[in-house]
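Observations on the model geometry
Chain by chain, the residues run as shown.
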Amino acid sequence: KWPNDLWADGKKLAGLLGEARGAKVALGLGLNLVQESNDFPNDLLTPATSLKLLGGRPVSAEEFLTALAEQFAARLLLWESGGLAPILERLAPLWQFRPGDSLRLQAGEEIISGEYLDIDDDGALRFLPINEKAPRTFHAAEAWAVRPGA
């Protein structure tokens, strides 16, 4: 789901959820930390991976949380000084999709095919549906890349 799933090497690594309460946001993170390939069920709808599989070594929860806290503090300072735009600029090379990619989105009951444009300054996915002239933005949706001919 956009923008909750975190992917690495074409596999789901983690899921992130945020909930706003007034001026505060609560964040939740589910992360595959030490799983081996055979720890994931064979019938998963999307392939999964773990930090251990990606890095070749186990990562303890303490090690991960320390690194996460350091990176979060650095990004918070960046956000406080320049808003979301500089953070998005740093993250852009890591996005799963590239401008011009054909996508299929599901937002609620609506399924739409079209072209991925970019991420706007609010963090929304910008998308140009087939047969429409104006881009649309989505703050949450299921998004799939569509292979040519599919």
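Everything here concerns the structure above.
A few points on the structure. Quick caveat: nothing in here was measured; it's all calculated off a predicted structure. (Residues numbered from 1 in each chain as written. Predicted model: local features only at pLDDT ≥ 70, side-chain atom pairs only at ≥ 80, totals over all residues. Heavy atoms only, no water.)

Observations concerning the overall build of the protein
For the protein, the helix and strand inventory stands at three helices and eight strands. Starting at the N terminus, the α and β elements of the protein follow one another as β-β-β-α-α-α-β-β-β-β-β. Its C-alpha atoms give the protein principal-axis dimensions of about 50 × 45 × 30 Å. Residues classed as buried in the protein amount to 21% of the 150 residues present. The averaged location of the 21 negative side-chain charges in the protein is 1 Å from the averaged location of its 15 positive side-chain charges. (Helix = DSSP H or I, 4+ residues; strand = E, 2+ residues; numbered from the N terminus. Buried < 20%, exposed > 50% of the residue type's maximum accessible area, 1.4 Å probe, protein only. Lys, Arg positive; Asp, Glu negative; His and termini not counted. Charge placed at Lys NZ, Arg CZ, Asp CG, Glu CD.)

Some thoughts on the nonpolar core
The biggest cluster of nonpolar side chains holds twelve residues, and these are Leu-88, Phe-97, Leu-103, Leu-105, Ile-112, Tyr-116, Ile-119, Leu-125, Phe-127, Phe-138, Ala-141 and Ala-143. Going through the elements one at a time, β4 (102–107), β5 (110–119) and β6 (125–129) are the ones with two or more residues in this core. Residue contributions to this core peak at three residues, all from β5. Those residues in contact with Leu-88 that sit more than four places away from it in its chain are Trp-95, Ile-119, Asp-120, Asp-121 and Gly-123. (Core = buried A, V, L, I, M, F, W, Y, C linked by side-chain atoms within 4.5 Å. Contact = heavy atoms within 4.5 Å.)

So, the pairing of β6
Every second residue of β6 is oriented toward a common face, the buried set being Leu-125, Phe-127 and Pro-129 and the non-buried set Arg-126 and Leu-128. The pairing of β5 with β6 spans five bridges and is classified as antiparallel. Each residue of the ladder has a partner; that of Ile-119, found in β6, is Leu-125. Hairpin connection from β5 to β6: five residues lie between these consecutive antiparallel strands, with Gly-123 at a positive phi of about 90°. Of the strand pairs in this sheet, β6 and strand β7 (residues 136–138) are connected by three bridges, and their pairing is antiparallel. (Pairing = 2+ DSSP bridges.)

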